[in-house]
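Summary of the model geometry
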Amino acid sequence: MSELYTLVEGGQYLIENFDEFLTLLREHIILVLVSELAAITVAVPLGVIAVRYNRLKSSILSVGNVAQTIPTLAVIALAFPIFGLGFNSAVIALFVYALLPILTNTIAGLEQVDENTIEAAEGMGMTKWEVLRKIQLPMALPVIFAGIRTSVVITVGTAYLAFFIGGGGLGVWVISGINLFNTPQILAGAIPGALLAITLDSVFAFIEHQIGGEGHHDQSIATG
Amino acid sequence: MIGSYIEFTLDNWQDLLQLLIEHIELVVQTLIIALPLGISLGIFIAYYQPASLSVLWGAGVAMTIPSLALFGLLVPFLGIGNPPVIVALVLYAQLPIIRNTYIGLTGVEKDMIEAGEGVGMTRWQRLRQIQIPVALPVITAGVRNATVILIGVATVGAYVGAGGLGDYIFTGIYQANTEMIVVATVVVSLLALVFDYGLKIIEQFLQLQNGEDVALTRGTKAITKVIT
Amino acid sequence: MIKFDNVTKIYADSTVAIRDISFEVAEGTTTVLVGPSGCGKTTTMKLVNRLEDPTEGAVYYDGTNTQEIGVTELRRDIGYVIQEIGLFNHMTVGENVATVPKLKGWDDGQIDDRVDKLLELMALSPEEYRDQYPRELSGGQRQRVGVARALAADPDVLLMDEPFGALDPITRADLQDEFLEIQAEINTTILFVTHSIDEALKMGDKIVIFDVGELVQYDTPRNILENPNSEFVRDFVGEDITLKKLSLINVDEIMRPTNVIEDTTDQDSKTAVTNGGEVMHHLAPGDSLKSALSTFVESDIQSLPVVEDEETIGVIDRDEIYEIYNGG
Ligand SMILES: Nc1ncnc2c1ncn2[C@@H]1O[C@H](COP(=O)(O)OP(=O)(O)O)[C@@H](O)[C@H]1O
Ligand SMILES: [Mg+2]
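Residues numbered from 1 in each chain as written. Chains lettered and ligands numbered in written order. Predicted model: local features only at pLDDT ≥ 70, side-chain atom pairs only at ≥ 80, totals over all residues. Heavy atoms only, no water.

**Here's the deal with the coordination of the magnesium ion (ligand 2)**
When a metal holds four donors in a tetrahedron, each ideal angle between them is 109.5 degrees; when it holds six in an octahedron, the ideal angles are 90 or 180 degrees. For clarity, the threshold we go by: Only nitrogen, oxygen and sulfur atoms within 2.8 Å of the metal, or 3.2 Å for Na, K and Ca, are treated as donors, and water is left out, so sites may look incomplete. A helix here means a DSSP run of H or I that spans at least four residues, while a strand means a run of E at least two residues long, and both kinds are numbered starting from the N terminus.
Bound to the magnesium ion (ligand 2) are the protein donor atoms C:Thr42 (OG1) and C:Gln83 (OE1), situated 2.0 to 2.5 Å from the metal. In this pair, C:Thr42 is assigned in helix 1 (residues 41-48) and C:Gln83 in the loop between strand 6 (78-81) and helix 3 (93-97), connecting sequence segments 41 residues apart.

**A look at the sheet that holds strand 15 (residues 311-317) of chain C**
Residue and element names in this part refer to chain C. Selection rule: When DSSP finds two or more bridges between a pair of strands, those strands are recorded as paired. For this analysis, residues touch if any pair of their heavy atoms sits within 4.5 Å. Interaxial angle, 0 to 180 degrees, is taken between N-to-C directions of lines fitted to C-alpha atoms, where a helix line uses only the stretch in contact.
Spatial ordering of the open sheet is given by 11-15-14, a layout of three strands whose pairing is antiparallel. Each edge of the sheet is formed by a strand with only one pairing partner; in this case those strands are strand 11 (256-257) and strand 14 (303-308). In this structure, strand 14 lies alongside strand 15, joined through six bridges in antiparallel fashion. Note that in strand 15 the partner of Ser-303 across the bridge is Asp-317. This element, helix 14 (residues 289-299), spans strand 14 and strand 15 of the sheet and lies at about 125 degrees to strand 14. Contacts between helix 15 (residues 318-325) and the sheet are confined to strand 11 and strand 15, with strand 15 contributing the most and set at about 50 degrees to the helix.

**Description of the pairing of strand 2 (residues 16-25) of chain C**
Residue and element names in this part refer to chain C. Two elements, strand 1 (residues 2-10) and strand 2, share six bridges in a ladder whose sense is antiparallel. Within strand 2, the residue paired with Lys-9 across the bridge is Ile-18. Between the antiparallel neighbours strand 1 and strand 2 lie five residues, among them Ser-14 with a positive phi of about 60 degrees.

**Observations concerning the site of ligand 1**
All names here are of chain C. For clarity, the cut-off: Being near a molecule or strand, for a residue, means having at least one of its heavy atoms within 4 Å of it. Polar contact criterion, stated in full: a pair of N or O atoms within 3.5 Å, where within protein one must be able to donate a hydrogen and the other to accept it, and residues adjacent in sequence count only if both atoms are side-chain atoms. For every accessible area listed, the method is Shrake-Rupley and the probe measures 1.4 Å; residues are considered covered only by the protein chains on display. Any residue that is not Ala, Val, Leu, Ile, Met, Phe, Trp, Tyr, Cys, Pro, Asp, Glu, Lys or Arg is counted as polar, Gly included; the first ten are nonpolar and the last four charged.
Around ligand 1 lies a shell formed by Tyr-11, Asp-13, Thr-15, Ala-17, Ser-37, Gly-38, Cys-39, Gly-40, Lys-41, Thr-42 and Thr-43. In this structure, an oxygen atom belonging to ligand 1 sits 3.1 Å away from a main-chain N or O atom of Gly-40. Protein burial of ligand 1: of its 560 Å² of free accessible surface, 63% is covered by the chains. If you tally residues by element for the shell around ligand 1, the top one is helix 1, at three residues. Along the lines of polarity and charge, the residues of the shell around ligand 1 split into three nonpolar, six polar and two charged.

Shown next, in the form of structure tokens:
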């Protein structure tokens, strides 16, 4: 029963500090949105260019796979000596990490298109650009989208760590709650973020399913 | 520049080693619980298909919860230190382990199962002699995936008192000690890469034993050469 | 050895796979089930080793109702070559062949000997193939391994479900010939399934013809050719019945035994023996009349000697074959 009471206290804390909560939530969402949009804008075209050049593609893939084993906290922490404290520094760190799954999935998605299909399209007189736009990209879309979904979930989680380098977000409450043994504050910071991640993942899974994805990843995401 | 990092490493190698051992211990303790749990659940849903969707969904949801939030959620109930971190890590490890066990066991070609039945293997013998050997490389891939995740998430666990290399990262941020951050980050990333590579070799070794066509990594090639 | 007694099999989704089937497979003979795809051949086969159980009627194995025999024991006594071969891809060829002996608890030395012997029997050199994996083999080789695995524990009965179905015609014909030789040596009781009437005529001592779940004719190959009992069988057997019949009769069944070649100077000056008494064209006792006929046409000779071990043991006239061909 005391567990339940703790939860209720957490709710009370949230309501009592609702304005601050909204500020933190907005910071959190902006961190995610900005880094995510930047990552998509860079990763998808980069992936498209990369599949054209075998050397570039294989080096991007191997660097990407290795880089994804680096802990998210490490990436956040490294941003600090390079870019200093603050929101911008956090966004850059999140952006770099968000880039990887989108990039590798874009390449994988474009690569999986059957050679014969491409040959047939070229045989019908399509240019390389038309093949890319009309055949490869549409067929790769579900895989690219799966990469974006993975990336978003990681970023929501990693944004919690942004506070350590002065980036704000819901991590503020969780971390100060842990420091001060303020349980209601921890819960008020942790539960909304968990719900945000689960909701975004479910929504993305639904969309992914709608556009013909398989709804699961080859590799599990490294949680932030 | 590089010199200062080397100097830092040499000055603090005993502490670093201590934290590295703590980190590995944390991951190993988690795996000791997570492996039997995940593999049993994987076997269970392989044989009881109606449960597969919900179990995989649940494990998938657990995986999306931000680690700091999950530690935060568990601390009020389990206190500070290893317990909340291990519970969270066990949860995070479930999706790759359950899913790969399930895919490995159900992915065995149907005609092989039928041939096994045809030559008079019991259900248990089919599991032991056909399904498990075929699934083993796939399960190993899941464990590899899980281990890399655990090594990363365990760094955050330092904030709630679980120790490990995360300690140096947090202290480094707190003291604005670049050497400390960079060295700890490099060590933790290397740890993840070493486990990833080591488990990859085991995975490929199992694939080879099953006569699968695999593009071998250098490590696997070297080891098979030593063995044979 | 195997007896189907008014067997009906209805699947859980109420598909009637076979209805009221009765036939027997005598010990040491090959019985072939033949019919179009989906007519219930595989189902019939699975009823023997209890991969399926009959809905009505009973299947007897060596005089005992299979329902009274333990499933595992029954299956280990019966060799089974499944339609898709179903080799264990994660095991070597040797391990595949050793499966049933291992399940039966033979000791290692005995198993190794047996594996080598079977691979040799199937014309796969043990040194070369024992440690290969199925993925590395051609279709024909995989099929041989499938048969070797089924024969490994010296089964009393061998079930073969379209064993040569997925092979190209030449490999198939080779394997059929080889298998007939092997069968002459090991004399197992065989239930063989195919959708090809030619294969059935070639391999079977007895043939069971199925039409969607029903048995239409159960007889010897020759009787089926001579007396098809229905339009369905006539259609199924196809056009060139007489040629098929010729392929079922062997030279030694109709030759005149002798050890002298008569008419060395034949009136038509077409002789079997030419300069220096060297035999140019001759037949072997195991040749079918169909191949004898083609030798006659090729050589344009009236009568040919039948030679075994370089000795003439008989003579055959072209006209005798024509007589049979024209419905004799
Ligand atoms: N396990 C099963 N459940 C339901 N129907 C089946 C099953 N196996 C076979 N059938 C059906 O039974 C019929 C006979 O199948 P089968 O014995 O495999 O034929 P064949 O081997 O002659 O091609 C087919 O209509 C097939 O679809
Ligand atoms: Mg069949």
